[in-house]
Amino acid sequence: QVQLVESGGGLVQAGGSLRLSCAASGSIFRLNAMGWYRQVPGKQRELVATITSGGSTNYADSVKGRFTISRDNAKNTVYLQMNSLKPEDTTVYYCNADFLRMGPGDPGHAWGQGTLVTVSS
């Protein structure tokens, strides 16, 4: 079984910064793409940023220039540095990972439990 554990959420004032972390553990042969998504209650989960195993990144237009995704492959961890936060960034952020399982090598997909980010005005 593969688990993703997020940390780093919290309360911050508008214009401030937070750094989210997500560590993957379990029967992982190889981690492929990882990413961050967010979901406002009543709406669909939306992409925030993704990063491939080679380091190629993709961002939602709403966070370009403010958020930076990175990863440490040795630690099976992905990060999201969030700067210039706005009240509309307030919601639960979820980590996501595609991987190959140890042993049979079949592909898998996992989500973290979510971490709440609250930006006050």
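Residues numbered from 1 in each chain as written. Predicted model: local features only at pLDDT ≥ 70, side-chain atom pairs only at ≥ 80, totals over all residues. Heavy atoms only, no water.

Engineer: I would appreciate a short explanation of the overall build of the protein in the present structure.
Structural biologist: Helix and strand counts for the protein come out as zero helices and 11 strands. Ordered by position in the sequence, the α and β elements of the protein form the string β-β-β-β-β-β-β-β-β-β-β. What you see for the protein is a C-alpha radius of gyration of 14 Å, in line with the 14 Å of a compact globule of 121 residues. Pairs at least 24 apart in sequence give 54% of the contacts found in the protein among residues at least 6 apart. Here the protein has roughly 6,300 Å² of accessible surface; of this, 49% comes from carbon and sulfur atoms. Seen as two clouds, the 11 positive and the 8 negative side-chain charges of the protein have centres 2 Å apart. (Helix = DSSP H or I, 4+ residues; strand = E, 2+ residues; numbered from the N terminus. Rg over C-alpha atoms; globule rule 2.2 N^0.38 Å. Contact = heavy atoms within 4.5 Å. Areas by Shrake-Rupley, 256 points an atom, 1.4 Å probe, with all protein chains shown as cover. Lys, Arg positive; Asp, Glu negative; His and termini not counted. Charge placed at Lys NZ, Arg CZ, Asp CG, Glu CD.)

Engineer: For this particular structure, what's the right way to read the sheet that holds strand β1 (residues 2-7)?
Structural biologist: For sheets, the rule is that strands pair by backbone hydrogen bonds, running either parallel or antiparallel. In space, the four strands of this open sheet follow the order β1-β3-β8-β7, with antiparallel pairing throughout. Every interior strand has two partners, whereas the edge strands, β1 and β7 (67-72), have only one. Averaged over all pairs of adjacent strands, the angle between their axes in this sheet comes to 15 degrees, without regard to strand direction. When β7 meets strand β8 (residues 77-82), the two strands line up antiparallel, connected through six bridges. Bridge pairing in β8 places Arg71 opposite Val78. (Pairing = 2+ DSSP bridges. Axes fitted to C-alpha atoms, helices over the stretch in contact; angles between N-to-C directions.)

Engineer: For this particular structure, what's the right way to read the state of the cysteines?
Structural biologist: Put plainly, a disulfide is one covalent bond tying together the sulfur atoms of two cysteines. Taken as a whole and assessed by the stated rule, the structure comprises one disulfide. At a sulfur-sulfur separation of 2.0 Å, the disulfide partner of Cys22 is Cys95. Because the sign of the S-S torsion sets the handedness, a value of about -80 degrees for the bond joining Cys22 and Cys95 places this disulfide among the left-handed ones. Here the residue Cys22 occupies a position in strand β3 (residues 18-26), and Cys95 occupies one in strand β9 (residues 91-101), the gap between them amounting to 73 residues. Both residues of the pair, Cys22 and Cys95, belong to the buried class. (Disulfide = S-S within 2.5 Å. Buried < 20%, exposed > 50% of the residue type's maximum accessible area, 1.4 Å probe, protein only.)

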